[in-house]
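Residue-level listing of the chains:
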Amino acid sequence: MSDTNLQKARARKERMLGSEAIIRSLEAEDVTICWGIPGGAILPLYDAFMAIDHTIEHVLVRHEQGAGHMAQGYARATGKVGVCIATSGPGATNLVTPIADAFLDSTPLVAITGQVPTHLIGTDAFQEADITGIVMPIVKHSFLVQKAEDIPKAIHEAFHIASTGRPGPVLVDIPKDLQLTEIDFEYVDTIDLVGYSAEFPRELEGVEAAADLIAHSRKPVLYVGGGVINGEASDDLILLAEALQVPVTTTLLAKGAFPDSHPLSVQMPGMHGSKYANWTIHRSDLLITVGARFDDRVTGKLDAFAPGAKIIHFDIDPAEVSKNRFADVSLVGELRTTLPALRDAVIARKDNAARVEAQGEWLRDVQSWKRDNPFRYKRGEKLKPQYVVEAFDKALKGKDAIWVTGVGQHQMWAAQFLSIDGPRRWLTSGGLGTMGFGVPAAIGAQQGCPDAYVVNFDGDGCFQMTMQELATARCYDVPAIHAVMNNGWLGMVRQWQELFHGERYSETNLFGTIPDFVQLAEAYGVLALRAETEAEVDAVVAEAIAARRPTVIDFRIDHEEKVYPMVPAGAASHEMIDQAWDNEWVEEGV
Amino acid sequence: MATPGHHTLSVLVENKPGVLSRVSGLFSRRGFNIDSLAVGPTERADRSVITIRVDCTRHSVEQVVKQLDKLIDVIRVLEVHPDMAIERELLLIKVQADATHRLEIMRMAEVFNARVVDAGADSLLLECVEHPDRLAALEELLAPYTIVEAVRTGRVAMTRASVANDEGRAPLRILG
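None of these values were measured; they are calculated from a predicted model.

**Here's the deal with the overall build of chain B**
Thought 1: Helix and strand counts for chain B come out as 5 helices and 9 strands.
Thought 2: Taken from the N to the C terminus, the helices and strands of chain B come in the order β-α-β-β-α-β-β-α-β-β-α-β-β-α.
Thought 3: When its C-alpha atoms are laid out on the principal axes, chain B stretches across 60 × 35 × 35 Å.
Thought 4: Here the contacts in chain B between residues at least 6 apart in sequence split such that 72% fall between residues at least 24 apart.
Thought 5: Of the roughly 9300 Å² of accessible surface on chain B, 54% is carried by carbon and sulfur atoms.

**Topic: the interface of chain A and chain B**
Thought 1: Contact residues are listed per partner, giving 23 residues for chain A and 23 residues for chain B.
Thought 2: Together, the buried faces of chain A and chain B total about 1900 Å²; carbon and sulfur atoms form 58% of this surface.
Thought 3: Contact with chain B buries surface across chain A, with Met136, Val194 and Gly195 of chain A losing the most and accounting together for 26% of the total.
Thought 4: Counting the contacts that link chain A with chain B gives 1 salt bridge.

**Points about the domain arrangement of chain A**
All names here are of chain A.
Thought 1: Assigned domains of chain A: these are domain 1 (3-184), domain 2 (207-372) and domain 3 (383-560).
Thought 2: Between domain 1 and domain 2, the C-alpha centre-to-centre distance is 38 Å.
Thought 3: Taken together, the 8 residues of domain 1 in the interface contact 7 residues of domain 2.
Thought 4: Roughly 610 Å² of surface becomes buried between domain 1 and domain 2 when both sides are summed, with 48% attributable to carbon and sulfur atoms.
Thought 5: Counting every contact that joins domain 1 to domain 2 gives 2 salt bridges.
Thought 6: For Arg166, the salt bridge is made with Asp317, and the minimal N-O distance between the two is 2.8 Å.

**Some remarks on helix H17 (residues 385-395) of chain A**
Thought 1: Counting buried residues in H17 of chain A gives 9 out of 11 residues, a clear majority hidden from the surface.
Thought 2: Three or more residues of H17 of chain A are buried, namely Pro385, Gln386, Tyr387, Val388, Val389, Glu390, Ala391, Phe392 and Asp393 of chain A.

**Description of the pairing of strand E5 (residues 109-115) of chain A**
All names here are of chain A.
Thought 1: Along E5, 7 of the 7 residues are buried, which leaves the element largely enclosed by surrounding structure.
Thought 2: Every second residue of E5 is oriented toward a common face, with Leu109, Ala111, Thr113 and Gln115 on one face and Val110, Ile112 and Gly114 on the other, all of them buried.
Thought 3: Inspection of the sheet shows strand E4 (residues 82-86) paired to E5 by 5 bridges, in the parallel sense. Following the sheet pairing, Ile85 is matched in E5 by Ile112.

**Overview of the packing of H17 of chain A against helix H24 (residues 534-547) of chain A**
Residue and element names in this part refer to chain A.
Thought 1: Between H17 and H24, the shortest axis-to-axis distance is 10 Å and the interhelical angle comes to 40°. Between H17 and H24, the angle falls in the class oblique. Between H17 and H24 the crossing geometry is right-handed. Where H17 approaches H24, its residues Tyr387, Val388, Ala391, Phe392 and Ala395 are matched on the opposing element by Glu534, Val537, Asp538, Val541 and Ile545.
Thought 2: For the contact of H17 with H24, the class distribution of residues is 8 nonpolar, no polar and 2 charged.

**Section: a nonpolar patch on the surface**
Thought 1: On the surface, Leu92, Val117 and Val151 of chain B cluster together into a nonpolar patch covering about 210 Å² of accessible area.
Thought 2: By the element assignment, Val151 of chain B lies in strand E8 (residues 147-152).

**Quick notes on the side chain of Lys255 of chain A**
Residues and elements named next belong to chain A.
Thought 1: Note that Lys255 resides in the loop between strand E10 (248-250) and strand E11 (265-267).
Thought 2: A residue is classified by how much of its surface remains accessible, and Lys255, at 6% relative accessible area, is buried.
Thought 3: Here Leu418 takes part through its backbone oxygen, which lies 2.9 Å from a polar atom of the side chain of Lys255.
Thought 4: If near-sequence neighbours (up to four positions away) are discounted, Lys255 is found in contact with Ile229, Thr250, Asp260, Ala414, Ala415, Leu418, Ile420 and Trp426.

**A word on the packing of aromatic side chains**
Residue and element names in this part refer to chain A.
Thought 1: Per the stated rule, a full pass over the model turns up 17 aromatic pairs over all chains.
Thought 2: A ring pair is formed by Tyr276 and Phe375, whose centres lie 6.4 Å apart and whose planes are at 55°; its orientation type is tilted. Residue Tyr276 is found in helix H13 (residues 275-283), and its partner Phe375 is found in the loop between helix H16 (352-372) and strand E15 (376-377); the two are separated by 99 residues along the sequence.
Thought 3: A relative accessible area of 0% places Tyr276 in the buried class.
Thought 4: Note on Phe375 and Phe417: the rings are 6.1 Å apart at their centroids and 50° apart in plane angle, and the pair reads as tilted. Taken together, the residues Phe375 in the loop between H16 and E15 and Phe417 in helix H18 (residues 409-417) connect sequence positions 42 residues apart. In terms of burial, Phe375 and Phe417 fall into one category: buried.

**Things to note about the nonpolar core**
Residues and elements named next belong to chain A.
Thought 1: Core analysis: the biggest nonpolar cluster contains 46 residues, and Phe392, Trp403, Phe457, Val537 and Phe555 have the highest contact counts within it.
Thought 2: Per-domain counts for this core show at least three residues from each of domain 2 (207-372) and domain 3 (383-560).
Thought 3: When sequence neighbours within four positions are dropped, the list of residues in contact with Trp403 reads Phe392, Asp393, Leu396, Leu418, Ile420, Arg425, Trp426, Leu427, Val455 and Phe457.
Thought 4: Grouped together as the second largest cluster of nonpolar side chains are 41 residues, Val31, Leu45, Ile52 and Ala162 included.

**Let's talk about the pattern of salt bridges**
Thought 1: Under the definition given, this model contains 38 salt bridges over all chains.
Thought 2: Measuring nitrogen to oxygen at the nearest pair gives 3.5 Å for the salt bridge that ties Arg76 of chain A to Asp105 of chain A. Of this pair, Arg76 of chain A sits in helix H4 (residues 64-78) while Asp105 of chain A is found in the loop between helix H6 (96-104) and E5, placing the two residues 29 residues apart along the sequence.
Thought 3: For Arg76 of chain A, a relative accessible area of 9% gives the class buried.
Thought 4: The class of Asp105 of chain A is buried, set by a relative accessible area of 7%.
Thought 5: Linked through salt bridges whose partners overlap, the residues forming this network are Arg166, Asp317, Glu320 and Lys323 of chain A together with Lys70 of chain B.

**Brief notes about the domain arrangement of chain B**
Residues and elements named next belong to chain B.
Thought 1: Parsing chain B into structural domains produces domain 1 (5-80) and domain 2 (86-156).
Thought 2: Between the C-alpha centres of domain 1 and domain 2 there is a distance of 29 Å.
Thought 3: Residue-level contacts link 6 residues of domain 1 with 5 residues of domain 2.
Thought 4: If you sort the residues of domain 1 by the area they bury against domain 2, Ala38, Thr51 and Arg53 come out on top, with a joint share of 58%.
Thought 5: Put simply, domain 1 and domain 2 have 1 residue pair in polar contact (both at pLDDT 80 or more) between them.
Thought 6: Put simply, the parts of the chain that give the side of domain 1 that touches domain 2 at least two residues each are strand E2 (34-41) and strand E3 (47-56).
Thought 7: The biggest single contributor to the side of domain 1 that touches domain 2 is E2, with 3 residues.
Thought 8: Of the residues in the side of domain 1 that touches domain 2, the class split is 2 nonpolar, 3 polar and 1 charged.

Calculation notes
Residues numbered from 1 in each chain as written. Chains lettered and ligands numbered in written order. Predicted model: local features only at pLDDT ≥ 70, side-chain atom pairs only at ≥ 80, totals over all residues. Heavy atoms only, no water. Helix = DSSP H or I, 4+ residues; strand = E, 2+ residues; numbered from the N terminus. Contact = heavy atoms within 4.5 Å. Areas by Shrake-Rupley, 256 points an atom, 1.4 Å probe, with all protein chains shown as cover. Buried area = accessible area lost by both parts, 1.4 Å probe. Salt bridge = Lys/Arg side-chain N within 4 Å of Asp/Glu carboxyl O. Domains from an automatic or database assignment. Buried < 20%, exposed > 50% of the residue type's maximum accessible area, 1.4 Å probe, protein only. Pairing = 2+ DSSP bridges. Axes fitted to C-alpha atoms, helices over the stretch in contact; angles between N-to-C directions. Parallel < 35°, antiparallel > 145°, perpendicular 65-115°, else oblique. Left-handed = near helix turned anticlockwise from the far one by under 90°. Nonpolar A, V, L, I, M, F, W, Y, C, P; charged D, E, K, R; others polar. Patch = residues over 30% accessible without salt bridge, like charges linked within 9 Å, V, L, I, M, F, W, Y side chains within 5 Å. Polar contact = N/O pair within 3.5 Å; in protein donor to acceptor, adjacent residues only side chain to side chain. Phe/Tyr/Trp six-rings, centres within 6.5 Å; stacked < 30°, edge-to-face > 60°. Core = buried A, V, L, I, M, F, W, Y, C linked by side-chain atoms within 4.5 Å.

Here is the structure:
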């Protein structure tokens, strides 16, 4: 909360309705934009949006799931808390998917829901759902406000909890009668949560032990997760990596936390990661884990993951330490504190230069794997999705671009072939794997960063899950580009069916011409383009980037193209399968 | 590390609506089975203690403690070690007791410090507050007379008065 907004809120000691108090509280938390849809139990709040002067823009969406993902896209692109609003019952339950997504990817989100009046709670009233009960396993915390006077306190605590420590979603459920109750508004800046502390101990036990392990290691690697982005610690990470002179692998969520173009980067590990990242981890003798959580899509078979490595684990959440893999040394706390402390400790060692020298052979090995095994694909008669990704990557080089994706093959191709050099410029649904994330998240990101070029790589399956938000994009003139990789299939599922289910393509054919995405986009009044050849790709990419208006592009891609390399589910992470290569490969420089 | 064992957790919570669901829900969500659970007020009106008995590995109990500690309404989680604590549970048990067996059962109850709290024509209702192991022994001894009904509260625990505060009440949480 900024000082001026807080002072304004403190000075405001007038009587007002609970609904107005919600708006004043949001203002005090520096909220400038929120997403939602009105309905019966939240009507008083929407009435107040119109009745009083305030500084919050409300964006009317077409489905509450869209509101949630837009708030997420905004939060992840800007680092601020995203806010979404829904009515009781079905409005609230439509927020469940974005809340779960925010929980698994640690996104700061505050969801405000209307609830039936207090005297009807528990009676199965019209549009009543026990939303605090429903979301209990997927929120960082939730409030069911019991008294109108508690509204400012609940919202203040919700923002505090959502944005501090390991960020996450918080739901505030406010019965309709409380929104209509007059209260003496008082905004208090103190937090009264005895069971929650975002203050971390300043003593840095473990730093010297970590420096010892690094000094004795011959094959160290930095294994970096999304915590570095949430912790705003990218600069500290780069300084640490350069001091250590060790390879850096960034998980799907961490893409951009360490520059893809950096010579020390070995990019993404895991199921569709680079061969060199997985080999580096597999042969390493020390994993310096930073804000990552040993997810199964990274580790593959857990007990075969980095079998010879000791583990250093930096995290803000103590529950992640030794959850999936035992940590020999752990440092719990803010990465902006712990990473520089480790760097200082390493540099201070008088034999540090000798260590770098001794680890040089390892680094040279890693870099030769990287040189010899780039992500690659074969161009052919049919349009390849990787070519589309590269075309956007080249066209926006040097510009402030934010890349958003849905979930599936297109997501992996984007992760493999985009080169991203900064944090908060890659927004993807990693933990929950939410198809439909792309369109709304791109809209929210664009609204948070109006000057950036936002590109959503979506699949035709994903796109059809949330494409109604094109109406939102059109109404608010949000110029994000939605690049639909249309192969007419639920492509990733099809890939698994081809490889592991005897080519039985059960219920995965979507028929790529139904709907006609160009006609559909035109119906929404947005720019609609199509490309079926490489030459057309180059033309539509240039046109879309120049247009600066909401755009859908239907890329008709080869439906047989698969994502490689691949670690089959349950295999060890270095056992990657790949297709047979001949000599006609297009090698993507990495 | 992989051998299961019994662990008693004493969880101090803020007395807020839904707190019991949050705590018990966490166990089911993370796949931990609860053996017994008792909840009740403390010396402060705004706090409650939930005493939970789980059967799991040392690694699992460390995980569950850390996850519990992340709940906003949880103030402190303490694993109670049996040799440093007093553990008690209340048993109410109704036993078939016709005239021929009535005295026998009452004598047995005496040995276990159980009280007869109600009597019918052919049954007795006993109450016993004891260590849960002793309650199990009592139930076993009464079984041949036919137990009509039995209900237990779940254990509650407190570190011994002789254990220094710092030792016995040292919270297992990593954060301050």
